[in-house]
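Here's the letter readout for the chains.
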4 protein chains.
Amino acid sequence: MNSHPVNVAVIGASGYSGEELVRLLLHHPQVELTAVTSRQYAGQTLAQIFPKFASHPRAKALRFSEPNAELLARQAEVVFLALPHGVAAEFAVPLLQHGCRVIDLSADFRLRNAEVYREFYTHAHPAPDLLAQAVYGLPEVHRAQIQGARLVASPGCYPTSILLPTLPLLRAGLIRSHGIIADSLSGVSGAGRKAEADYLFCECNESVRPYAVPKHRHLSEIEEQLSLAAGAKVVLQFTPHLIPVNRGILTTLYFTPTRRLSCLDDETARSLEIVACYREAYATEPFVRLLEGRALPDTKNVVGTNVLEIAWCLDPRTGRLIVMSAEDNLIKGAGGQAVQSMNIMCGFPETAGLA
Amino acid sequence: MNSHPVNVAVIGASGYSGEELVRLLLHHPQVELTAVTSRQYAGQTLAQIFPKFASHPRAKALRFSEPNAELLARQAEVVFLALPHGVAAEFAVPLLQHGCRVIDLSADFRLRNAEVYREFYTHAHPAPDLLAQAVYGLPEVHRAQIQGARLVASPGCYPTSILLPTLPLLRAGLIRSHGIIADSLSGVSGAGRKAEADYLFCECNESVRPYAVPKHRHLSEIEEQLSLAAGAKVVLQFTPHLIPVNRGILTTLYFTPTRRLSCLDDETARSLEIVACYREAYATEPFVRLLEGRALPDTKNVVGTNVLEIAWCLDPRTGRLIVMSAEDNLIKGAGGQAVQSMNIMCGFPETAGLA
Amino acid sequence: MNSHPVNVAVIGASGYSGEELVRLLLHHPQVELTAVTSRQYAGQTLAQIFPKFASHPRAKALRFSEPNAELLARQAEVVFLALPHGVAAEFAVPLLQHGCRVIDLSADFRLRNAEVYREFYTHAHPAPDLLAQAVYGLPEVHRAQIQGARLVASPGCYPTSILLPTLPLLRAGLIRSHGIIADSLSGVSGAGRKAEADYLFCECNESVRPYAVPKHRHLSEIEEQLSLAAGAKVVLQFTPHLIPVNRGILTTLYFTPTRRLSCLDDETARSLEIVACYREAYATEPFVRLLEGRALPDTKNVVGTNVLEIAWCLDPRTGRLIVMSAEDNLIKGAGGQAVQSMNIMCGFPETAGLA
Amino acid sequence: MNSHPVNVAVIGASGYSGEELVRLLLHHPQVELTAVTSRQYAGQTLAQIFPKFASHPRAKALRFSEPNAELLARQAEVVFLALPHGVAAEFAVPLLQHGCRVIDLSADFRLRNAEVYREFYTHAHPAPDLLAQAVYGLPEVHRAQIQGARLVASPGCYPTSILLPTLPLLRAGLIRSHGIIADSLSGVSGAGRKAEADYLFCECNESVRPYAVPKHRHLSEIEEQLSLAAGAKVVLQFTPHLIPVNRGILTTLYFTPTRRLSCLDDETARSLEIVACYREAYATEPFVRLLEGRALPDTKNVVGTNVLEIAWCLDPRTGRLIVMSAEDNLIKGAGGQAVQSMNIMCGFPETAGLA
């Protein structure tokens, strides 16, 4: 196990994901945060921009710089990109050339197919040659590849909340790959720190609304990962909703079992096969919590942690399997998962800085 | 049209539905609120218990009384029951015998079948003989029967948000009755003014959670109404979630069209047949708003009103029809809809006191 | 009493105050809303911009226009200005010249002294000649002058919450004019519909913060009105705080009585003299509610209404008089109060459209 | 410095303060949490009652027990009491007799004078003999006494937010001890996990209200500590308000300087003497953050931490000094401060488990 600290930089550290990532890295026992960049805040310290970090000595000393790939490559071995899609790729290319390991929190390297990227992101992929070497950074699924990766594409918040509950069932052939529905509820930080009227307090508070129906961009990476697991093209129904909490995603999934599942007991509607499948997949995973008995996920039990909660029940009336998950969209859905990948890449304990 | 005022009483006026009903009745131009009952508050004025009504002269004068059916029958021609199920029926029986017209906001008379009631409410129906004469108080669907009804069972909040968008499609044969999914998000007032830890501010704020999965009690009335419309037994998948707003229900419905629907235009994914169906059903309804263009429902646009908003889109990728609705659970989902029924029963303009 | 409807226009109808004003005017029984202006939304209907109004027939028909004083003067007898300070005066001048009666919701005409305006608003007053004829639109205090006014300066939200509780005590000589402290808590709509990062949901939710300490602009009009009542220059300590609610202002005032006040009873700490003073001032006022017994103001009891609640207690330990008020910042603190002034100017019942 | 782990128990671990304390102790590097008690939850594991802790191995193993002083004294060297006042003292007595060190989060040992306790808590003090040996657990003020204490009375949430900003100014003679006003805003967790209607989500959300005016119980300990610092009896004006956030207290303090203070510069209204006084008191304190420039406290910057933020400004118009503080009521205002005292008592680094 590696134990000397690693020098780390964050490019685009001023949004909500970037801020949370910086918080995690400041407290990570094996990380030295050597650079944070922000065009908007260049010259100011972390403490000035994020008063909540101001009691941390590093936050008082470290100043935002203008992003400069060559310079960053001298300051850091691992560089996180917390940038908008399209922009992230512009930095990934030179950083990789200079030998950095790159963990990208944008959508730029999550897809293998540049055409799908163009369809969903409405512009040509800025660095299609890198797609083949990028690893989709879902540690519970792609741990081995992450270990040796030079470029990790950290998954989106919605995809994480959908893929972790779905992939084991799909791989085990317990559910049909056709007709899956994912209904998701997200806190407002998911929209980023954009000064747009739609995300003003008075527009979000006391409001609940669907959006991006029926073709949210995250569908592309979810479907690609589901298709890989199913061995066939999967088309998903996905409806995101905006709800008035700062953080948290709650996803409710509707599946059709491929065969009659045994029912463990009537009260909890748990099924032996589903229990076995999830336990096999996640019993030893530090960041997946399988709920027991009649407990259902609640975002307040995962917010502030890197944990994703899963519960499920068979509905004997409809024959469907309902699976529900909860996560913190900025941690397991963004910065925390990225740090988890870094831990794997650097040989640190996977929970370092995340417990 | 009737224009002399009607004497009205509310039994169980201390919960959230009762309070909202009282507010509507206090401001109703053709209503004289003559009695409100509450065991807990008997002897105190409306103004003392609900300070927000204190500027209304009637609220300063009217005192809560102990509920007494005989006395109430002398004080009121129309009596609203805002009581828990089971208790409501106990009052309905004597009030009807004394000649009152009764509008019940509980679940006691929403089902035709006492066995289904026993299955979902876990006790025998307290007055099964009345089930045959009760009218399900969804004015947009059962207006004619409400007009002559002596006993109206005002629908639940979730059922209203699901039935209004679904029934026209089902009756027109545009969607399959099998495999319907309703995913609903409700504000906390839906749980009532119960002093339970689960509904404390700190337990609900910054929290999102499913509950009563997979068999919420409201399924019984929803399925009965859907089955009537479909002419065949309909089994529904229904998942309610609790979200941190005071009021509002947002429901997302997943339907399978029975045939290929034309697509009006690519951008809005509206379909000619769906547009026509909804317009036929609701174009002249004062309390159903069909959204146009790309607009999607938002609870903040209906809270405080008796309006239910509907929008829909065809998903060409999955072939499904997605319909979304928003309402105020305490108005269109409870007190407002009950007043709408009263207006119909009394020959008042249907929008009286509700605009 | 006048009863034919009055033609009314709103300039700058797209902010929160403008929107609330439009809502009140749409439902006002003696108002015909003939024009709404917004540079940003010109050409679109009220229903398109504010979906919550979409069920109102007028909202479907009325389109935002570019603001044009000459044209507006032909369309309306009364014109409301819901514009930023500085801009409002530019419209007031030609509208008055064309014979309109103007009710300005900005700060432009609230002060008598153009120098004080320059000090607090940091630019020269755009129309100092109009200051002498403008009437400060606090109906409970300046009703007689409002009646004949051609230009009403509708008070700010904080000033209303401070002046109504303070002025009667000051005029009666019950409190010292020196050393008054006003500590106010405001909902986020007070900041307007500005797309600034400070007012994003995630920046306001789960946050409480003072701002504009120690010299908020509203001090200028508060101090001018207090000084007029005291007959001497009053300097106020005023601290506004932003709290995560959409609407509502709660103000806590600290006064020093000029003499020993009798204490009505120990439990409620009400004083005979204070009770008498407030009753004399407000007992017949429809929009001021004096709380009795031990009740304290709560914004949730006034939000959505034009009512300001007042409660008070003598603190025998410190000798101070504590007075607390609550109002809806967008109604009694803005649009509602402006409509109240219009009702007075037009000879309508003062509560028309506001009950 | 002590470095072997200490065995710790928490009595009354089911309220919000107890839960937060448990969270801190579970993650404390030098603590072994050996017992948690709760009559209500006896027999269940921490993980079952608090799902958010369920990923922590200790939480899966540790079960709530019935509180038994003798048994606890064998399980723990340090015992935290997170019990209601009155009840806490009943456990403190036998625990101390059995040799435990006790940190009490209730009000039972915060006052030196049993008569004042009786006045404010309306019952006789249950263990007046212990008052003399109890140390008021405000580490920044009483660190030396805490070190050797056997019984620490951890301060209330409001007192902490008022005392830390006030004591240095009072001791330095910079402000008058007469006429101080503290206006405080608290999140709802301050009311505890009581299933009372007043604290239901719908009663607190979209609501702001003062309460316990003018004589909140916390006045007793605040005044005692202020009087000790001033060397004379101090009577405080204190108005608490309930605001719709889970956590956080924001206090605004109004002081009268004893003499003319220099003004560092016009823009920030900082004063040399105040800056010097606060720096002397807190420059090296890890958990007090003095804001610089024009920054003002915001609860969102301290929630989740043990930090109290302080900012101040001189108002040249009134001559007053305004000081504002922000803290997390459950951490610096309760569990975190108690752990800070434990660290001092046990010779651990004061920031252990709190950074």
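What comes next concerns the included structure. These numbers were taken from a predicted model, which means no experiment stands behind them. (Residues numbered from 1 in each chain as written. Chains lettered and ligands numbered in written order. Predicted model: local features only at pLDDT ≥ 70, side-chain atom pairs only at ≥ 80, totals over all residues. Heavy atoms only, no water.)

1. Thoughts on the overall build of chain A
Next up, step 1: In terms of helices and strands, chain A carries 12 helices and 14 strands.
Next up, step 2: What you see for chain A is a C-alpha radius of gyration of 20 Å, in line with the 20 Å of a compact globule of 355 residues.
Next up, step 3: The principal-axis extent of the C-alpha atoms belonging to chain A is close to 60 × 45 × 40 Å.
Next up, step 4: Sorting the 355 residues of chain A into buried and exposed places 65% on the buried side.
Next up, step 5: Of note, chain A has its 32 positive side-chain charges centred 1 Å away from the centre of its 34 negative side-chain charges. (Helix = DSSP H or I, 4+ residues; strand = E, 2+ residues; numbered from the N terminus. Rg over C-alpha atoms; globule rule 2.2 N^0.38 Å. Buried < 20%, exposed > 50% of the residue type's maximum accessible area, 1.4 Å probe, protein only. Lys, Arg positive; Asp, Glu negative; His and termini not counted. Charge placed at Lys NZ, Arg CZ, Asp CG, Glu CD.)

2. Quick notes on the interface of chain B and chain A
Size of an interface: often given as the accessible area lost when the parts come together.
Next up, step 1: Contacts between the two partners involve 46 residues from chain B, matched on the other side by 46 residues from chain A.
Next up, step 2: Together, the buried faces of chain B and chain A total about 3800 Å²; carbon and sulfur atoms form 57% of this surface.
Next up, step 3: A per-residue breakdown of the area chain B buries against chain A is headed by Glu206(B), Val208(B) and Arg317(B), which together make up 18% of the total.
Next up, step 4: Along the contact surface separating chain B from chain A lie 6 salt bridges.
Next up, step 5: For the pair chain B and chain A, the interface holds 26 residue pairs in polar contact (both at pLDDT 80 or more).
Next up, step 6: For the side of chain B that touches chain A, the secondary-structure elements that each account for two or more residues are β8 (181-186), α9 (201-204), β9 (209-210), α10 (219-230), β10 (237-242), β11 (249-255), β13 (308-314) and β14 (321-327) of chain B.
Next up, step 7: Classifying every residue of the side of chain B that touches chain A by side-chain character gives 25 nonpolar, 9 polar and 12 charged. (Contact = heavy atoms within 4.5 Å. Buried area = accessible area lost by both parts, 1.4 Å probe. Salt bridge = Lys/Arg side-chain N within 4 Å of Asp/Glu carboxyl O. Polar contact = N/O pair within 3.5 Å; in protein donor to acceptor, adjacent residues only side chain to side chain. Nonpolar A, V, L, I, M, F, W, Y, C, P; charged D, E, K, R; others polar.)

3. Brief notes about the interface of chain D and chain A
Next up, step 1: Facing the 14 residues of chain D at the interface are 14 residues of chain A.
Next up, step 2: Buried area between chain D and chain A, both sides added, is near 1000 Å², and the carbon and sulfur share of it is 44%.
Next up, step 3: At the junction of chain D with chain A, the criterion picks out 0 salt bridges.
Next up, step 4: Taken together, the residues of the side of chain D that touches chain A sort by class into 5 nonpolar, 4 polar and 5 charged.

4. Re the packing of helix α7 (residues 139-148) of chain C against helix α12 (residues 335-346) of chain C
Residues and elements named next belong to chain C.
Next up, step 1: At a minimum axis distance of 9 Å, the contact between α7 and α12 shows a crossing angle of 40°. With respect to α12, the element α7 is oriented oblique. Crossing hand, α7 versus α12: right-handed. Together, Pro139, Glu140, Arg143, Ile146 and Gln147 of α7 and Gln337, Gln340, Ser341, Ile344 and Met345 of α12 make up the contact between the two elements. (Axes fitted to C-alpha atoms, helices over the stretch in contact; angles between N-to-C directions. Parallel < 35°, antiparallel > 145°, perpendicular 65-115°, else oblique. Left-handed = near helix turned anticlockwise from the far one by under 90°.)

5. Some thoughts on the relation of the copies chain B and chain A
Next up, step 1: Superposition record for chain B on chain A: RMSD 0.0 Å, screw rotation 180°, translation along axis 0.0 Å. On this basis, the relationship between the two copies can be described by a two-fold rotation axis. Taking C-alpha positions as reference, the residue of chain B nearest the rotation axis is Pro244(B), located at 3.4 Å.
Next up, step 2: With an isologous cut-off of 70% or more, the 100% of interface residues of chain B that recur at the interface of chain A puts this contact in the isologous class. (Least-squares fit on C-alpha atoms with pLDDT ≥ 70 in both.)

6. Focus: the nonpolar core
Next up, step 1: Counting 100 residues, the largest nonpolar core has Phe80(A), Met342(A), Phe80(B) and Met342(B) as the members making the most contacts within it.
Next up, step 2: Sequence-distant contacts of Phe80(B), that is, excluding residues within four places in its chain, are made with Val8(B), Ala9(B), Val10(B), Ile11(B), Leu21(B), Leu25(B), Ile103(B), Leu105(B), Ala338(B), Val339(B) and Met342(B).
Next up, step 3: Grouped together as the second largest cluster of nonpolar side chains are 99 residues, Phe64(D), Ala149(D), Val208(D) and Met345(D) included. (Core = buried A, V, L, I, M, F, W, Y, C linked by side-chain atoms within 4.5 Å.)

7. Digging into the relation of the copies chain D and chain A
Next up, step 1: With an RMSD of 0.0 Å, chain D superimposes on chain A once it is rotated by 180° and translated 0.0 Å along the axis.
Next up, step 2: Taken together, the interface assignments show that 100% of the residues at the interface of chain D recur at the interface of chain A, consistent with an identical surface on both copies.

8. Let's talk about the sheet that holds strand β7 (residues 151-153) of chain C
All names here are of chain C.
Next up, step 1: A sheet is described by the order of its strands in space; here 7 strands give the open sequence β3-β2-β1-β4-β5-β7-β6, paired in parallel fashion. Looking along the sheet, the strands with just one partner apiece sit at the ends: β3 (64-65) and β6 (135-136).
Next up, step 2: As defined by bridge partners, β6 adjoins β7 across 2 bridges and the pair is classed as parallel. Across the sheet, the residue bridging to Val135 is Val152, located in β7. (Pairing = 2+ DSSP bridges.)

9. Notes on the pairing of strand β1 (residues 6-11) of chain A
All names here are of chain A.
Next up, step 1: Burial runs high along β1: 5 of the 6 residues are buried.
Next up, step 2: The pairing of β1 with strand β2 (residues 31-37) spans 6 bridges and is parallel. Bridging across to β2, Ala9 finds its partner in Ala35.
Next up, step 3: Between the parallel elements β1 and β2, the chain passes through helix α1 (residues 16-26) in a crossover that is right-handed. (Right-handed = clockwise from strand over helix to strand, strands pointing away.)

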